[in-house]
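Close look at the chain arrangement
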Amino acid sequence: MTQRTPKVTVRRNRTLALVSALVKGVVAAGLGLGSLTVLVMVVWISSPYPDSGPGGALRAAAGVWLLAHGAGLVRPDTLSGVPAPVGLVPLLLVMGPVWLAHRAARDAAESQEELAEGPREGARDGAAGPSRAGAFCAVTAGYLLVVAGAAAYARGGPLYADPDTLAFPVALVVAGAAAAGVWTAAGRPFGPAPSWSPLAVQEAVARTLFRRRAEAAFRSAAAGLTMLLGGGALLVAVALGRNAGAAQDAFLGLAGDWSGRIAVLLLAAALVPNAALWGAAYGLGPGFSLGTGATATPLGLDGTPALPRFPLLAAVPDQGAGALPNWASLAVPVAAALAVAWFAARRAAPADVSPARAWSPRETVLVTLLAALGCGAGTALLTAVAGGPIGTGALSQFGPVWWLTGPAALVWTAVIGLPAALLMRLWRLRTPGWAWRRDVPVEADGLPVAEADADEEEEGEDEGDDAGRPRRWWAPWRGRRATAGEGGQAGPGAPASPAASSVPFPGPAPEAASGIEPYDFLPTDPWHEKGGLWHGEENREARWASLKQGSGGLMADFPADRTADRAGQADPADRADPVPDRRAADPDGPGATP
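Parameters and conventions
- Residues numbered from 1 in each chain as written.
- Predicted model: local features only at pLDDT ≥ 70, side-chain atom pairs only at ≥ 80, totals over all residues.
- Heavy atoms only, no water.
- Core = buried A, V, L, I, M, F, W, Y, C linked by side-chain atoms within 4.5 Å.
- Buried < 20%, exposed > 50% of the residue type's maximum accessible area, 1.4 Å probe, protein only.
- Helix = DSSP H or I, 4+ residues; strand = E, 2+ residues; numbered from the N terminus.
- Contact = heavy atoms within 4.5 Å.
- Axes fitted to C-alpha atoms, helices over the stretch in contact; angles between N-to-C directions.
- Parallel < 35°, antiparallel > 145°, perpendicular 65-115°, else oblique.
- Pairing = 2+ DSSP bridges.

As a further point, take the nonpolar core. Membership of the largest hydrophobic core comes to 36 residues, with the highest contact counts inside it found for W65, L66, L73, V139, Y143, V147 and A150. Contributing elements (two or more residues each) for this core: α1 (6–46), α2 (54–67), α3 (91–116), α4 (132–154) and α5 (164–185). Sort the elements by how many residues they give to this core and α4 lands first, with 9 residues. Leaving out residues up to four positions away in the same chain, Y143 has contacts with G25, V26, A28, A29, W65, H69, P97, A101 and V174. Within the second largest apolar cluster, 20 residues are counted, among which are L271, L277, L312 and A386.

Right, here's the structure in full:
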């Protein structure tokens, strides 16, 4: 009477799994809020002249934690009496909450899949968890519960969250991090497309070739965006080095005690990614705003900037027209465009693939354009969160303008990246007489061997992309182990190895260059003939004895006399059918099968 039915057990397990995912979201938010609160309380305790009590410090910590999610804060205590907005988000603080939400969703999704796979692996019946969508919703809901509580607690403090920014972008940031965690737990699949998407999109995503091209475009865009961030950080470092005195004066003037200076140093470290994006926007051309009436570009600083006293702002160029060092910042987008072109050309023409299997110029242009579009979109998104208002009036606009920086990145990477990608593709597909492409099979007239089947072309492309270490012009013999199969035979679409070909390799021998001793080829004698060493009587007896010793005594003794008779005296009919001889040697054995 008390035994539960399988349906009740399954529902109970799914409910427990959803509750577990919800708790994981709450714990992730609590960890982020607790760690930041501890840091704020340490600074408050060490301060000799705190502005408020512990309640105010705790409310300020809750406000800063909400700021790390993109929420806009409001500072009510100002000299003018008008509340001032604080929308400049330190991007280094964003990494902690995003990583915690991502990890909680990933762990919840992985545990659900383990429960779902439990019955197939011998677990108890009814061990089934909710879907990935259930894990995503549970983790997001648990995290947002803590966000709502922190926003309610921060009301009345020195920094409280604007209610309009809690839905966007705070909820969007949490949901995006949780969705990325569930996607990671699923193995980061690319497709299938949703059922509500157009049929053409579903068919395109289902094609393997489309997924490869999309992956190449994504990697190229990520490389260009990384180059932009690195170049912007380099520009900021060089500018701070040139104005080190002004930065030091600003740092020492903001706080006179060591606890205040530590707080300023922590804030400056949290704003380093923002400074890198400001430098990238400066190198792209649109620059960044320093208030409502000033803009800094490589052409110069126009207007009167409203700069607060802060160490990182010492890197801002001086007023007036731009000089040669300012124009040198244009090398940053050029380097980003070349990075996009290089990554696209590497996938378009791999080193160990024949020219017949390389991408066409049209495909190379299309992938490079998609990469440029992705680089521009990523730059616009990052520069949109790198700036924001830090006050009213002149300080209401502070930072890069995303709708100018994103198109600038797209134009730079497209204009320079397209011809650079085509030139790099031609360079990598140059005449196979060069050392690093001597392994590519060619016809007698020097033209590459064309492929007959498109499917084999796609398979060979994968093997060329992932096959071992790429060859270099100074070491053309590297990578042959990846292209050659066992026994010296080459795989499909791969060149024959030196061991399987009798044609001498052009140029110096690889053995002489790498220090490998040469070896002789196997003899071409008919070793399989009856008169060979393999079929000799002594060798056969030795093989039989080895098999008997390895079998543990299960095999009979070697019948040497019968084998000799059969080898030398038996007629062809007996040699063709040896079964009667075995029956004669063992009369007590089973009879013949009819």
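Our focus in this paragraph is unusual backbone geometry. Excluding glycine, most residues fall at negative phi; most peptide bonds, likewise, are trans. With an omega of 15°, the peptide bond running from F168 to P169 counts as cis. Here P169 shows up in helix α5. The backbone of R188 sits at a positive phi, close to 50°, despite the residue not being glycine. Within the secondary structure, R188 is located in the loop between α5 and α6 (199–206).

This part takes up the packing of α6 against helix α7 (residues 208–242). Running from N to C, α6 and α7 cross one another at 80°; their axes reach a closest spacing of 5 Å. Judged by the angle between their axes, α6 and α7 are roughly perpendicular. Along its contact with α6, which presents A204, V205 and A206, the element α7 presents T208, F210 and R211.

Spatially, 5 strands are ordered β7-β6-β5-β4-β8 in an open sheet, and the strand pairing comes out antiparallel. Looking at the sheet topology across the chains shown, the edges are occupied by β7 (320–321) and β8 (398–400). Two elements, strand β5 (residues 294–297) and strand β6 (residues 300–303), share 4 bridges in a ladder whose sense is antiparallel. Following the sheet pairing, A296 is matched in β6 by L301.

Distances and angles like these do not, on their own, reveal function.
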